[in-house]
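# Structural overview for review
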Amino acid sequence: MSDPARLNSIIIVIVAAVAAIGLALALLYLLGKLLWKDRFALGVSLRYLGSKKRAFISVGTTFAILGVALGVAALATVMSVTGGFQAEFREKVLGVNAHVLVIKYSTDFREYRSIMDQVAKVPGVVGVAPFSINPMMLTHGDATATGVLVKGVDPAKSLGVGAEGATPVLDLPRHILPGGDLTGLRRPGAKPPERAAPPSLPDVPSLEKGAGSRGALEPDAGGELDLLKAYEARILEDDRAAAARDAGAEPALQPADLDVAALDAAADTGAEEAELAVDEGAPRGSIEPQGGYGSVLPEDDELPPEVDPDPCADKEQIARMPGIVIGAALAKNLSLDIGQCVTVTSPTIGFSISNGAIKPPVAKRFRVIAIFEAGFEQYDTKLAYADLYETQAFYDHGDTVTGVEMKVDDIDNASTIAREISQLLSNGLYYTMDWEELNHGLFTALRIQQIGMSAVLALIIVVAAFTVIATLIMVVLDKKKEIAVLKAMGATDGSILRIFLYQGGIIGVGGTTLGLLLGVAVCKGLLVYGFPLDPKVYFISRLPVQARPQEFLITGGIAILICLAATIVPSLYAARLRPAEGFRAQ
C-alpha cells in the first residue's frame, strides 16, 4: 500500500474511533435522558450490576461485557479487512483499466472516432480514448514470457502525454517507477497503418480454341477462357502425364522445356550427351565440405554479426525503436531494464490467414521506456502498454481498434453511465460494460466472502447474548426476595421489567463500546505494522484494512439490539414473579 493510501486509512481509523466513542456517549446520554423519569428502575438495575461484596461489578456481568466486546471487535475487524480487500482490488483494477468500455461485436472497428464523439457528450464522462489489446509473446535474450496482453493506447488521450489540461483515461502514470518516461511511447510522425488490400486473383490463362480436349496450353493462342476451364485443362494434362509415368514412358517435352542452345551446341560438336548451359553467377567449385565428409556440424549455428546483425546490440537502432511499458514482475522475469530492447511476437504457430493472405508470425522490437508497478501480481506479470499505431501494425486490419474506453467523474456511478451509453448506441453492434462487470467474478467473490464471514462472526455476539441471558437469570433467581419486597411495596410489573431491561442494555452498551475501541486498536495495529501476504496467492503483499465509520456504527447497533433482545426472557420472568413465590422459601 502506498504512503498516501496508508495515511488516508489511518485518518479513517481515527475518525472511526471518534465516531465510536461519540456513538457510545450519545447512546448513554439519550438513555439517561429518556430514563430520568424512571430513576427508580435505573437505580435498582445499577445496584444489581454489582456483587454481594459491594464490588463495582459482579463476575457474571464482567464476563457478559467481555463476551460482547470480543464479538464486536472481531466483527468490526473482519468487516474492515474484507472492505480493505475490496478497496485494494478496486484501486489496482482501476489503476490500469478504464471505468467504462465500449466493444464492438466484430474485429473491424474503424468507426471508433465517431463513437468517441458520441460518448464524450454523455454527462459524467470526463475522458475518452481508443484501445486495442492482443495476446503476445515477449522475448529478451533466452527468457520468454507467453500470454502477455499488449495493450495499444493513445499516449495523449489515455495517459495524458503531451496533453496539458486533459484528463487521462488511465491512471497508469502514477504507477510508473522512478526513471520511466512516457514521452517516448509514440515515435515522431507516426501514423495509423494502412489497411492491406485483399490479394487479387491470377490472370486467366489464354488457351487455343478446343485446347480443353487436346490438353495443350497455348498462352498466345488468343482464345480467352474462364478460370474453371483453364483448371480443367491443367488437370487433364496432369492426368496424362501421370498415366505416361505409370506406363514407363517419358512424357513428351514441350518445346519450351528444351534448351535449344544446348542442343545446337551438342549438334555442332557431335557430343554424345548435351551439356545444359550453366547460368552466369552460379556457384562453381567442389561441393565437398571443409574438413571432409566425415566432419561434424556444430550444435549451434553462430553467424557473424555482418551476416546476421542484432538490432538490440546497437544503441542507435534501439533509440529509434518504438516504446513499450511493462510491469515490474514481467521486467524481472525477462531481466529487462529501462532502455533495453524486447521482441514482441504474435503467438501464432506456423502461418496464419489474415485478410485473405497467408502470413508468418509477426515480430517487432520495442524499447522499454518505463516500468509500472500496479501492486496486482496478475497485471504486473501479464500486461504491457505500447502505442496504438504500433500494435495495429501486427495485423492487416488497418486503423481499427478493439474498443473505446472512458473515465467517469464518479466510479460508483459507472454502471448508470454504462447503461446510458448502451441506450445511446442501441443498434446491436456494440456492447457496453463498466469496470465492475469487467471484473465481475473477482468482486462478487469478495462480496460473498465479506457477507459470509460477517454472518459467521456475528454468531460470536449471539453467543455473548446467551451469556447476558444467563447472567440476568442468575440475578433474577438470586434477587427473588428483593423482587417480592418491591412488588409488596407497590412496584408494578412494568417497573420490574424495566429494571432488567436496563441492566441488559447497560451490559450491551458497555460491551459494544469496549469492543469498538478494541476493533479500532486492532485495525490501527494492522495498518502500522502490516501483516505480510504472499502476492502469488493473494495478489497483494500486505493485509489491507479499511476502517469505515458506517461499518463500525452498524456493528455497534446490531450488538446492542441483540443484547436488548436477550434481556426479554429473564425480564418477563422477573415481572411475572408473584410476591408469595419470593417469600415461600423463607
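These figures come from a predicted structure and were not determined experimentally. (Residues numbered from 1 in each chain as written. Predicted model: local features only at pLDDT ≥ 70, side-chain atom pairs only at ≥ 80, totals over all residues. Heavy atoms only, no water.)

## Considering the packing of helix α17 (residues 493-529) against helix α19 (residues 549-566)
Spelled out, the test is: All axes are obtained by fitting lines to C-alpha atoms, using only the stretch in contact for helices, and the reported angles, taken between N-to-C directions, cover 0 to 180 degrees. Put simply, DSSP marks the helices as runs of H or I at least four residues long and the strands as runs of E at least two long, and each gets a number from the N terminus on. Roughly parallel covers angles under 35 degrees, roughly antiparallel covers those over 145, roughly perpendicular covers 65 to 115, and oblique covers all other angles. Crossing handedness is defined as follows: a turn of the near helix away from the far one that is anticlockwise and smaller than a right angle gives a left-handed crossing, while the clockwise case is right-handed. For this analysis, residues touch if any pair of their heavy atoms sits within 4.5 Å. Residue polarity follows a fixed list, in which Ala, Val, Leu, Ile, Met, Phe, Trp, Tyr, Cys and Pro are nonpolar, Asp, Glu, Lys and Arg are charged, and the others, Gly among them, are polar.
The interhelical angle for the contact between α17 and α19, taken along N-to-C directions, is 150 degrees, at an axis separation of 8 Å. Relative to α19, the element α17 lies roughly antiparallel. For the element pair α17 and α19, the recorded crossing hand is right-handed. Note on element contacts: α19 touches α17 through Phe552, Gly556, Ala559, Ile560, Cys563 and Leu564, opposite Leu501, Gly504, Gly505, Gly508, Val509, Thr512, Leu516, Gly519, Val520 and Cys523. For the contact of α17 with α19, a count of residues per class yields ten nonpolar, six polar and no charged.

## What to know about a nonpolar patch on the surface
Which entries qualify depends on this criterion: Each patch groups residues whose relative accessible area exceeds 30% and which form no salt bridge, using 9 Å between like charges and 5 Å between nonpolar side chains of Val, Leu, Ile, Met, Phe, Trp and Tyr. Accessible areas in this description were obtained via Shrake-Rupley with a 1.4 Å probe; residue shielding takes into account the shown protein chains only. By definition, a salt bridge exists where a carboxyl oxygen of Asp or Glu is found within 4 Å of a side-chain nitrogen of Lys or Arg.
Residues Val59, Phe63, Leu66 and Leu514 make up a contiguous nonpolar surface patch of about 400 Å² in total accessible area. Per-element tally for the nonpolar patch: the top contributor is helix α3 (residues 59-96), with three residues. Following the sequence through the fold, Leu514 ends up in helix α17.

## Points about the side chain of Lys151
To keep it simple, the criterion reads: To sort residues, take the accessible area from a 1.4 Å probe on protein chains only and compare it with the maximum for the residue type: under 20% means buried, over 50% means exposed, and anything in between is partly exposed. In the analysis that follows, any N or O atom pair within 3.5 Å is treated as a polar contact, provided that within protein one partner can donate a hydrogen and the other can accept it, and provided that, for residues neighboring in sequence, both atoms belong to side chains.
Checked against the element boundaries, Lys151 lands in strand β3 (residues 143-153). We classify Lys151 as buried; its relative accessible area is 5%. A polar contact of 2.9 Å, which involves the side chain of Lys151, links it to the side chain of Glu405. Aside from chain neighbours lying at most four places away, what touches Lys151 is Val96, Asn97, Phe131, Ser132, Ile133, Leu170, Ala384, Tyr385, Ala386 and Glu405.

## Concerning the packing of helix α16 (residues 480-488) against α17
Any two packed helices are characterised by how steeply their axes cross, that is the angle between the axes, and by the distance between the axes. Contact geometry for α16 and α17: axes closest at 10 Å, N-to-C directions at 145 degrees. Every pair of crossing elements has a handedness; the one defined by α16 and α17 is right-handed. Between α16 and α17, the residues in contact are Ile483, Leu486 and Lys487 and Asp493, Ile496, Ile499 and Phe500, respectively. For the contact of α16 with α17, the per-class residue count stands at five nonpolar, no polar and two charged.

## Notes on the packing of aromatic side chains
Our working rule: Within 6.5 Å between ring centres, the rings of Phe, Tyr and Trp (the latter by its six-membered ring) count as paired, and their orientation is classed by plane angle as stacked under 30 degrees, edge-to-face over 60, tilted in between.
For the structure on display, the rule yields four aromatic pairs. Between Phe366 and Phe394 the ring centres are 6.4 Å apart and the planes differ by 15 degrees, which places this aromatic pair in the stacked class. Separated by 28 residues along the polypeptide, Phe366 in strand β8 (residues 363-372) and Phe394 in the loop between α12 (388-392) and β10 (403-408) bring together distant segments of the chain. In this structure, Phe366 and Phe394 share a single accessibility class: buried. For the pair Phe372 and Tyr385, a centre-to-centre distance of 5.7 Å together with 75 degrees between the ring planes defines the contact as edge-to-face. Placement of Phe372 in strand β8 and of Tyr385 in strand β9 (residues 383-387) is noted, with a sequence separation of 13 residues between them. Of the two residues examined, Phe372 and Tyr385, each falls in the buried class.

## Side note on the nonpolar core
The cut-off we apply is this: Joining through side-chain atoms within 4.5 Å is the link that ties buried Ala, Val, Leu, Ile, Met, Phe, Trp, Tyr and Cys residues into a set, and such a set is a nonpolar core.
Residues Val325, Phe372, Tyr385 and Ile421 are the most contacted members of the largest nonpolar core, which totals 85 residues. Among the elements that make up this core, the one with the highest residue count is α3 (14 residues). By size, the runner-up hydrophobic cluster in this structure holds 20 residues, among which are Met136, Ala331, Leu334 and Ile371.

## Here's the deal with the pattern of salt bridges
In the structure shown here, the tally under the stated rule is ten salt bridges. Between Glu390 and Lys364 there is a salt bridge; the shortest N-O distance is 2.6 Å. Placement of the pair is Glu390 in helix α12 and Lys364 in strand β8, with a sequence separation of 26 residues. The class for Lys364 is buried, based on a relative accessible area of 19%. One salt bridge connects Arg447 with Glu436, and the closest N-O pair in it is separated by 2.7 Å. Placement of the pair is Arg447 in helix α15 (residues 440-478) and Glu436 in helix α14 (residues 435-438), with a sequence separation of eleven residues. Among the residues examined, Arg447 registers a relative accessible area of 37% and is labelled partly exposed. One network of salt bridges, in which partners are shared, links Arg187, Lys364 and Glu390.

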